[in-house]
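# Examining the three-dimensional arrangement
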Amino acid sequence: MFFVKRVALAPRAVRQLRRVRSVYVAGMLLSALILFSYDESKGGGGQAMIASVFLVVFAALLTLTTVQLWRHGRAEHCSTAKKLTPLA
């Protein structure tokens, strides 16, 4: 893991990542709702497949966003993070 370069995020990027988390959660909820309300007796499993793909994609995006924000929070010791973080 020492090959991974830690890069501090700009405050604007952090705000955008925090805002987009709610969009990903809403997408996951809607996809899960469509998937659970699907009736197999009507046939046409294409809709269930698409809903499950959307569910996986939104879950992956939410995971990536959460990990990126978590890594940003841990980079407070980095000099770049100290320069980009406004003093309160």
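Our subject is the structure that appears above.
Heads up: these notes are all about the structure in this document. (Residues numbered from 1 in each chain as written. Predicted model: local features only at pLDDT ≥ 70, side-chain atom pairs only at ≥ 80, totals over all residues. Heavy atoms only, no water.)

### Focus: the packing of aromatic side chains
Inspection of the entire model under this criterion finds 2 aromatic pairs. Here the aromatic rings of Y24 and F58 are separated by 6.4 Å at their centres, their planes lie at 45°, and the arrangement is tilted. With Y24 in helix α1 (residues 11-36) and F58 in helix α2 (residues 46-74), this residue pair connects regions lying 34 residues apart in the sequence. You can call Y24 buried: its relative accessible area is 16%. Counting every residue linked through ring pairs, the aromatic cluster contains Y24, F54 and F58. (Phe/Tyr/Trp six-rings, centres within 6.5 Å; stacked < 30°, edge-to-face > 60°. Helix = DSSP H or I, 4+ residues; strand = E, 2+ residues; numbered from the N terminus. Buried < 20%, exposed > 50% of the residue type's maximum accessible area, 1.4 Å probe, protein only.)

### Examining the environment of L35
Inspection of the secondary structure assignment puts L35 in helix α1. Judged by relative accessible area, L35 falls into the partly exposed class, the value being 26%. Considered as a pair, L35 and F54 are 19 residues apart in the sequence and their alpha carbons are 10.0 Å apart. Not counting residues up to four positions away in its chain, the partners in contact with L35 are A48, A51, S52 and L55. (Contact = heavy atoms within 4.5 Å.)

None of the figures reported here should be taken as evidence of function without further support.
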